[in-house]
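Reading the structure
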Amino acid sequence: MITPFRPDGSLDLDAAQKVATKLVDQGNDALVINGTTGEAPTTTDEEKVRLIHATLEAVGDRAKVVTGVGSNNTAHSVECAKAAEAAGAHGLLVVTPYYNKPPQEGIKLHFTTVADATGLPVMVYDIPGRTGVPITTETLLALAEHPRIVAVKDAKGDIAGTTKVLANSDLFYYCGADELNLAWLSIGAVGLASVVAHVAGPQYREMIDAVVAGDLATAQQIDRRLVPAVEAIMMRTQGAIMVKAALKLTGVIEHGTLRSPLVEASAEQVDWLATDLKTAGLTA
């Protein structure tokens, strides 16, 4: 989920609650807040806790609220995890430590240390394109032995490795790359940790239900129809930029403000976006 800001860059909790309510009303049964799409690198620890409280107040009785607590400092991630638990979050999203490129033993230590710090379930986030290092198949299988490491948000794109982990562990997989949603559902992912679901939540809900029902033809139709929206939001520039533009375009948020170094979508990008959302059947 995005983190809305006012034009002056301050946190807009009223808008956050509006977005959260809209998403849950549209069929999303869990929200991931304080992640990259939520511009977590530019929000303070205190703001993250305030966002947890606000989101829980809005939808905590109807949806699970998972919060990002990852950083490239294990001690800081532990502090964030404890604060999230105290605030009432239902689960934790923990990304691979980025930039400092730890070895696999260090990655394993990071995740297990954070998981040991609270009683909350942990979803590990494997996105080597941003972090610089993958979580190897062997490390994922080792992490699966931890009682509170229960899920993977997978944006690595290694279908063979993912299949091996699914075959040899009880980890729940969520696709973390919208262009691969149907592919990952088809091999056993249980859901999507999606950016495009900000504007296509009902469609993705229908696609998941179709896969579960064994109706691949319907799932394929939905997936193909959404290609323009996925391209518009995820492939033209940074996803948070375009999804905020999409939510502003559709009247969900009033301001598309982002915190530097991200910048708002250009007029040309918004024009492309409007066309692509219409082509995907998401707007009139």
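Remember, predicted model here, so these are calculated numbers, not experimental data. (Residues numbered from 1 in each chain as written. Predicted model: local features only at pLDDT ≥ 70, side-chain atom pairs only at ≥ 80, totals over all residues. Heavy atoms only, no water.)

Attention now moves to the overall build of the protein chain. The secondary structure content of the protein chain amounts to 13 helices and seven strands. For 284 residues, the compact-globule estimate of 2.2 N^0.38 gives 19 Å, and the C-alpha radius of gyration of the protein chain, at 18 Å, lies within 12% of that figure. Along the longest, intermediate and shortest principal axes, the C-alpha atoms of the protein chain span 50 × 45 × 35 Å. Per-residue burial for the protein chain yields a buried fraction of 51% across its 284 residues. The contacts in the protein chain between residues at least 6 apart in sequence include a share of 65% that link residues at least 24 apart. Only carbon and sulfur atoms are counted for the fraction: they give 52% of the accessible area of the protein chain, which is about 12400 Å². (Helix = DSSP H or I, 4+ residues; strand = E, 2+ residues; numbered from the N terminus. Rg over C-alpha atoms; globule rule 2.2 N^0.38 Å. Buried < 20%, exposed > 50% of the residue type's maximum accessible area, 1.4 Å probe, protein only. Contact = heavy atoms within 4.5 Å. Areas by Shrake-Rupley, 256 points an atom, 1.4 Å probe, with all protein chains shown as cover.)

What the rule picks out here adds up to zero aromatic pairs. One Lys or Arg, Lys153, reaches over the ring of Tyr125 and ends 4.1 Å from the middle of that ring. (Phe/Tyr/Trp six-rings, centres within 6.5 Å; stacked < 30°, edge-to-face > 60°. Lys NZ or Arg CZ within 6 Å of the ring centre and 35° of its normal.)

Here we come to the layout of surface pockets. A volume near 550 Å³ is recorded for the second largest pocket. If you trace the second largest pocket, you find 27 residues lining it, with Gly35, Thr36, Ala40, Pro41 and Tyr98 closest to the centre. At the level of elements, α2 (45-59), α3 (74-87), β3 (91-95) and α5 (128-131) are the ones that each hand at least two residues to the lining of the second largest pocket. Broken down by element, the lining of the second largest pocket gets its largest block of residues, three residues, from β3. Per-class residue counts for the lining of the second largest pocket are twelve nonpolar, ten polar and five charged. (1 Å grid on protein atoms, 1.4 Å probe; cavity = no way out; pocket = protein on both sides within 12 Å on 5 of 7 lines; lining within 4 Å. Points joined across faces, edges and corners; volume = space filled by probe spheres on them. Nonpolar A, V, L, I, M, F, W, Y, C, P; charged D, E, K, R; others polar.)

This part is about the environment of Gln26. In this fold, Gln26 is placed in the loop between α1 (13-25) and β1 (30-33). In the structure, Gln26 is positioned 171 residues away from Ala197 in sequence and 9.4 Å away in space, judged by C-alpha atoms. Gln26 has contacts with His198, Gly201 and Pro202, leaving out every residue within four places of it along the chain.

Let us look at the pattern of salt bridges. This structure, assessed with the given rule, holds nine salt bridges. Residues Asp25 and Arg62 are paired through a salt bridge, measuring 3.0 Å at the closest nitrogen-oxygen approach. Of this pair, Asp25 sits in helix α1 while Arg62 sits in the loop between α2 and β2 (64-68), and the two are 37 residues apart along the sequence. Overall, the relative accessible area of 53% leaves Asp25 in the exposed class. (Salt bridge = Lys/Arg side-chain N within 4 Å of Asp/Glu carboxyl O.)

Regular strands place side chains that alternate from one sheet face to the opposite one. Most of β3 is tucked away, with five of its five residues classed as buried. Here β3 shows two buried faces, one formed by Gly91, Leu93 and Val95 and the other by Leu92 and Val94. Sheet topology places β2 next to β3; three bridges connect them, and they run parallel. Its bridge partner lying in β3, Thr67 is registered against Leu92. Running through α3, the crossover from β2 to the neighbouring parallel element β3 is right-handed. Relative to strand β4 (residues 122-126), β3 is paired through four bridges, and the arrangement is parallel. Across the sheet, residue Val95 finds its bridge partner in β4, namely Tyr125. Considered for its hand, the β-α-β crossover made up of β3, helix α4 (residues 104-117) and β4 is right-handed. (Pairing = 2+ DSSP bridges. Right-handed = clockwise from strand over helix to strand, strands pointing away.)

Here the focus is the side chain of Asp276. Relative to the assigned elements, Asp276 resides in helix α13 (residues 267-279). In this structure Asp276 comes out as buried when scored by relative accessible area, which is 13%.

So, about the UniProt feature "site: Part of a proton relay during catalysis" (unreviewed entry) in the protein chain. Sequence positions flagged by UniProt for "site: Part of a proton relay during catalysis" (unreviewed entry) are, in local numbering, Thr36 and Tyr99. Among the residues just listed, Thr36 line the second largest pocket. You can see Thr36 is positioned in the loop between β1 and α2. For Thr36, a relative accessible area of 30% corresponds to the partly exposed category. Residues contacting Thr36, with those up to four places away along its chain left out, are Arg130 and Gln238. Checked against the element boundaries, Tyr99 lands in the loop between β3 and α4. Residue class for Tyr99 comes out exposed when judged on its relative accessible area of 74%. Not counting residues within four places of it along the chain, the set of residues in contact with Tyr99 comprises Asn72 and Thr131. (UniProt positions renumbered as here; feature names shortened; annotations may be inferred.)

What follows deals with the nonpolar core. Grouped together as the largest cluster of nonpolar side chains are 81 residues, with contacts concentrated most on Val124, Tyr204 and Ile233. For Ile233, the contacting residues outside a window of four places in its chain are Val195, Val196, Val199, Gln238, Gly239, Met242, Val243, Ala246 and Leu273. If you look at the next biggest cluster of nonpolar residues, it comprises seven residues, including Val66, Leu93, Met123 and Ile127. (Core = buried A, V, L, I, M, F, W, Y, C linked by side-chain atoms within 4.5 Å.)

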